[in-house]
Amino acid sequence: MTMITINGLNVWYGDGRDHVDAVKNASFEVAAGESFGLVGESGSGKSTILRAITGLAPNWSGTISIEGKQLSHGKRDREFYRRVQMVFQDPYASLHPRHTVDQVLSETLDLNGITGIDQRVSRLLDGVGLDGKFRFRYPHQLSGGQRQRVAIARALAGEANIILLDEPTSALDVSVQAEILNLLTDLREEHNLTYLMVSHDLPVIGHMCDRLAVMKDGEIVETLTVDSLRAMRAQHEYSRSLLKASIV
Ligand SMILES: Nc1ncnc2c1ncn2[C@@H]1O[C@H](COP(=O)(O)OP(=O)(O)OP(=O)(O)O)[C@@H](O)[C@H]1O
C-alpha cells in the first residue's frame, strides 16, 4: 500500500516581489513500511514539502494523499494526526517547557482516547530507552538526546504509523546522533512505521532510508534507492557531487 503520494506538488511563499517558488512539480511515493529520504542543500525545499503535508505551508497546488486519501487545503484535522505524526529538529522547542514528560505523554494518550494511561506511559518510555526516573522531569532537566526520545515517544503515543522526521538529529551532539538514528530504525521495524525524513546530511539518509529524492532549487532532480547510491549509480550530476562530498 502507498502511504504517501505526492504528485505535481508546487509550494510557494509570499506575493508579488516576495514570491518564492519553494517546491516545483515534485512527485514521489512512499510505500508502507518504507523509509524515504529528502536530501539537498539548505533552501532546496525539503522542509517545505513536510510543511505542505502538515498544512503549515498553505500555498500549494498538485495533490498530496495519505493512505490514498487526498488532503485538502487548510488546517489538518484530528484524523490526519491520528495517521501522521512529526518529529522536529529541535526537541526543546517542540516540548512545552512547563509540562513534565508524564504530562506530555499522558495528554497525548488521552487525546487519542487511549485508556490505561499509567501503564502506557511507562511502556512508551521503555520503548524509547528512557528510564522511569525521567517520567516526572521537565524538558530543561533532560539532555538533548533524552528530549528527542520524549518527542519520539509522543509521536508514537497514538496509532500513527506515518512519521515525518525533519532533521531529527542535526541539533544533537554527534555522539548522540547515532543513538537516536538507531532507535528510529529499531522502532520502524518494531511498529512497522513509514518514515519520510528530511536531512541535508547524505550519510544520515544513507543510514536511515531505503530510497531518497535529491532536491535542488525546489526541484527533485533524482529519485533513487540507497543501494544504487552506495554503488555510485546516481545519474544526475548534482547527486554525484553530493555523493562525492560525503561517505554514505
Ligand atoms: N516562511 C517562509 N517565507 C518565505 N520564504 C520561505 C519561508 N520558508 C522557506 N522559504 C524559502 O523557501 C525555500 C525552501 O526552503 P526550505 O526551508 O523548504 O528548504 P530546506 O531544503 O528545508 O532548507 P533548510 O534545511 O535550510 O530548512 C528557500 O528559498 C527559503 O528561503
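Along each chain, residue indices are assigned from 1 in the same order as the chain's sequence is written. Local features in this predicted model are restricted to residues whose pLDDT is 70 or higher, and side-chain atom pairs enter the listing and the counts only when it is 80 or higher, whereas totals over whole chains, interfaces and linings include all residues.

Summarise the overall build of the protein; cite the residues concerned and give the values.
Regarding its fold elements, the protein presents 10 helices and 10 strands. Throughout, the radius of gyration refers to the C-alpha atoms, and the reference size of a globule is 2.2 Å times the residue count to the power 0.38. Taken against the 2.2 N^0.38 rule, which gives 18 Å for 248 residues, the C-alpha radius of gyration of the protein at 18 Å falls within 12% of a compact globule. Partly exposed residues are those whose C-beta has more than 12 but fewer than 20 other C-beta atoms within 10 Å; with 20 or more the residue is buried, with 12 or fewer it is exposed, and the C-beta atoms are placed from the backbone. When each of the 248 residues of the protein is scored for burial, the buried share is 39%. Remark: residues whose backbone-derived C-beta atoms lie within 7 Å of one another are considered to be in contact. Expressed as a percentage of contacts within the protein between residues at least 6 apart in sequence, the contacts between residues at least 24 apart total 65%. Think of it this way: any DSSP run of H or I at least four residues long counts as a helix, any run of E at least two long counts as a strand, and we number them from the N terminus.

Describe the sheet that holds strand S4 (residues 60–66), naming the residues involved and giving the relevant values.
DSSP calls a pair of strands paired once it identifies at least 2 bridges connecting them. The strand order across the open sheet formed by four strands is S2-S1-S4-S5, and the pairing between neighbours is antiparallel. The open sheet has two free edges, formed respectively by strand S2 (20–31) and strand S5 (69–70), since each of these has just one partner strand. Note that S4 and S5 share two bridges and pair antiparallel. Directly across from Ser65, in S5, lies its bridge partner Gln70. The strands touched by helix H1 (residues 46–53) within the sheet are strand S1 (2–13), S2 and S4, with S1 carrying the most contacts at an inclination of about 110°. Note on method: axes are straight lines fitted to C-alpha atoms, helices fitted across the in-contact stretch only, with angles between N-to-C directions ranging 0 to 180 degrees.

Could you give me a rundown of the nonpolar core, with the residues and numbers involved?
In this description, a nonpolar core means buried residues of the types Ala, Val, Leu, Ile, Met, Phe, Trp, Tyr and Cys, linked to one another by C-beta atoms lying within 7 Å. Formed by 66 residues in total, the largest nonpolar core has its most connected members in Leu9, Ile49, Ala153 and Ile163. The contact partners of Ile163, leaving out residues within four places of it in the chain, are Gln85, Val87, Ala155, Leu193 and Tyr195.

Break down the site of the ligand for me, with residues and values.
Each residue gets a C-beta atom placed from its backbone. If that atom is within 6 Å of a molecule or strand, the residue is near it. Within the structure, the ligand sits among 13 residues, and Tyr13, Ala22, Ser42, Ser47 and Thr48 are positioned closest to it. Of all the secondary-structure elements, those providing two or more residues to the shell around the ligand are S2 and H1. The biggest single contributor to the shell around the ligand is H1, with three residues.

Can you break down H1 residue by residue, with the values?
For H1, a buried count of eight out of eight residues is recorded, marking the element as mostly surrounded by other parts of the structure. A positive phi of about 85° marks Gly55, the residue just after H1.

I'd like to hear about the confidence of the model for the protein, residue by residue, with values.
Per-residue confidence from the prediction method is given by pLDDT, with values spanning 0 to 100. Overall, the predicted model of the protein reaches an average pLDDT of 93, with 99% of residues at or above 70. If you check the scores for this complex, the pTM reads 0.94 and the ipTM reads 0.95.

Summarise the pairing of strand S10 (residues 219–225); cite the residues concerned and give the values.
Bridge analysis of strand S9 (residues 211–216) against S10 gives six bridges, and the strand direction is antiparallel. Across the sheet, residue Ala213 finds its bridge partner in S10, namely Thr223. Turn length for the S9-S10 hairpin, with the two strands adjacent in sequence and antiparallel, is two residues, and the turn residue Asp217 shows positive phi of about 50°.

Residues and numbers for the environment of Thr54, please.
Here Thr54 is to be found in the loop between H1 and S4. For the pair formed by Thr54 and Leu124, sequence separation is 70 residues and the distance between their alpha carbons is 24 Å.

Let's hear about the sheet that holds strand S6 (residues 84–87): which residues, and what values?
Within a sheet, each strand pairs with its neighbour through backbone hydrogen bonds, oriented either parallel or antiparallel. In space, the six strands of this open sheet follow the order S6-S7-S8-S3-S9-S10, with mixed pairing throughout. Among the strands making up the open sheet, the edge pair consists of S6 and S10. Adjacent strand axes in the sheet meet at a mean angle of 15° when their direction is disregarded. This element, H1, spans strand S3 (35–39), strand S7 (162–166), strand S8 (194–199) and S9 of the sheet and lies at about 145° to S7.

Residues and numbers for the environment of Glu237, please.
Here Glu237 shows up in helix H10 (residues 237–244). By the C-beta count within 10 Å, which is 10 here, Glu237 ends up exposed. Sequence separation between Glu237 and Leu95 is 142 residues; the distance between their C-alpha atoms is 40 Å.

Tell me about the environment of Asn25, and name the residues and values.
By the secondary structure assignment, Asn25 is in strand S2. Separated by 194 residues in sequence, Asn25 and Glu219 place their C-alpha atoms 6.8 Å apart. Residues in contact with Asn25, not counting those within four places in the same chain, are Gly8, Asn10 and Glu219.

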